[in-house]
Structures are given as C-alpha cells and as structure tokens.
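# Reading the structure
Below are the chains, spelled out letter by letter.
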Amino acid sequence: MPKQIIKGRAIVADDWNLLRAEEGAEAATVAALAVPAGRVILPLATWLAQRDALSARAAAGEIAVWLAPDEDPVALHDDLPRLALVAIDFPKFTDGRGYSHAWNLRSRLGWTGELRAIGDVLRDQLFSMQRVGFDAYDTRPDRSIEDALKGLTVFSETYQASVDQRVPLFRRHARPAPAAVTTEA
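First things first, this report covers the structure right here in the doc.

Parameters and conventions
Residues numbered from 1 in each chain as written. Predicted model: local features only at pLDDT ≥ 70, side-chain atom pairs only at ≥ 80, totals over all residues. Heavy atoms only, no water. Helix = DSSP H or I, 4+ residues; strand = E, 2+ residues; numbered from the N terminus. Buried < 20%, exposed > 50% of the residue type's maximum accessible area, 1.4 Å probe, protein only. Contact = heavy atoms within 4.5 Å. Expected span 1.5 Å × (residues − 1). Bend = angle between axes of the 7 residues up to and from the residue. Pairing = 2+ DSSP bridges. Right-handed = clockwise from strand over helix to strand, strands pointing away. Phe/Tyr/Trp six-rings, centres within 6.5 Å; stacked < 30°, edge-to-face > 60°. Lys NZ or Arg CZ within 6 Å of the ring centre and 35° of its normal.

### Here we look at the environment of Lys-7
- The topology assignment puts Lys-7 in strand 1 (residues 4-7).
- Using a relative accessible area of 41% as the deciding quantity, one classes Lys-7 as partly exposed.
- Taking the C-alpha atoms as reference, Lys-7 lies 9.5 Å from Leu-149; in sequence the two are 142 residues apart.
- In contact with Lys-7, not counting residues within four places along its chain, are Val-12, Glu-114, Asp-135 and Ala-136.

What follows is the structure, given as structure tokens:
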C-alpha cells in the first residue's frame, strides 16, 4: 500500500520520498547526501549545497525542502518560487518552533504552495498547525491516519487571529447598537 498523508482535509497517496541523514550526521555529510531520482524532500543543508545541480529538477517539480526547528525559513526566500513544497520537521511532539516557521513562511515570506508537517505529527496538533498555515500532514506511521484527520475539525470557532482567520472573534461578532440615551427636560 502506498504511503498516505493528509492533504487539505482528505487522505491521499503520497509520492514524495523524504531524504534524511543518519541521526547526528555532520553538516558536511548532510550537504553531500546523494539525491535519488523521483520526487524528493531534501534537508535544507542538502538543497543549499547542491542547489545549482538540482535546479532543473526543482523547476520540474521534483525537489522540495524540509526545515529543521533550528533552521531559518528566510534561507529559502529566493528559492521559494521554484520549490514544489516546503516541509517543516517536528522531531518531538513538544517542539513548537515549526509553528513559527509556518507562520513566517505564509505571512512574511508569502509562501502559497504546499506546506507540510513531518516528523512527530499527531492528531492533537493538526488543528493548530492548520491555523498557522499547514495544509498537508505526514502523520506518525504508528497512529491511525483516519483518526488524525478528525483533528482538523476539533473546534468550530476560533478566538484569535492567525493565518487562517485574520480577524479575531470579537471583531467578527455582530453586536447590537447601544441604546440611545435620552434626557428629559
């Protein structure tokens, strides 16, 4: 069975391969990773080191980049127009820096393409991830993807403004006009 992800609000087959280096690999090793044929999501360091050699494949929609929590999305600013998607890694459920990366990509850098959450992605995170701009989720393989999909509809309304709703609830709520004050003479 092909690998599946959540994209939009549906479970779909995924034809992207995620390229990762061994845990604790040196920066030079990550930069020199061999990029296989097909659609590949590369670590940022690999993309930056091999950008010139991979540009044609990126233009053909075969190359995407993933960011680690300690990497700055601004490093991709000039490359965003040629990337098929950007993924953000959540190595641990408790590491929330990827939320800021997503918000920055959507709000400050103007990324409109697919923004995918990868790594330790669980049902409880999906609604909040959606709020900051994620639209695809590669959930943990040891959990039910069908159950995770339900995480996108946990709440029917939000209070705060974010990427998905620019106006906070108190500005969206219609209030009756104040009663006129009359004074008797």
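### So, helix 2 (residues 44-59)
- Compared with an ideal rise of 1.5 Å per residue, which puts 16 residues at 22 Å, helix 2 spans 17 Å between its outermost C-alpha atoms and falls more than 12% short.
- By the largest-angle criterion, Arg-51 marks the main kink of helix 2, which is about 95°.
- Turning to helix 2, its buried residues number three or more, namely Leu-44, Thr-46, Trp-47, Gln-50, Leu-54, Ser-55, Arg-57 and Ala-58.
- On its buried face, helix 2 sits against helix 1 (27-31), strand 4 (40-43) and strand 5 (63-67).
- Looking one or two residues beyond helix 2, the residue adopting positive phi is Gly-61, at roughly 80°.

### Looking at the pairing of strand 6 (residues 85-90)
- Burial analysis of strand 6 places six of its six residues in the buried class, the great majority of the element.
- In this structure, strand 5 lies alongside strand 6, joined through three bridges in parallel fashion. Across the sheet, the residue bridging to Trp-66 is Ala-87, located in strand 6.
- Across six bridges, the pairing between strand 6 and strand 7 (residues 114-119) is parallel. Within the sheet, the bridge partner assigned to Val-86 lies in strand 7 and is Leu-115.
- Chirality of the crossover, the property in question, places the unit of strand 6, helix 3 (residues 97-108) and strand 7 among those that are right-handed.

### Comments concerning the packing of aromatic side chains
- This structure, assessed with the given rule, holds two aromatic pairs.
- With 5.4 Å between their ring centres and 75° between their planes, Phe-90 and Tyr-99 make a pair best called edge-to-face.
- An aromatic cluster is built from Phe-90, Tyr-99 and Phe-134, whose rings are joined through pairwise contacts.
- Over the ring of Trp-66 we find Arg-20; its NZ or CZ atom is 4.7 Å from the centre of that ring.

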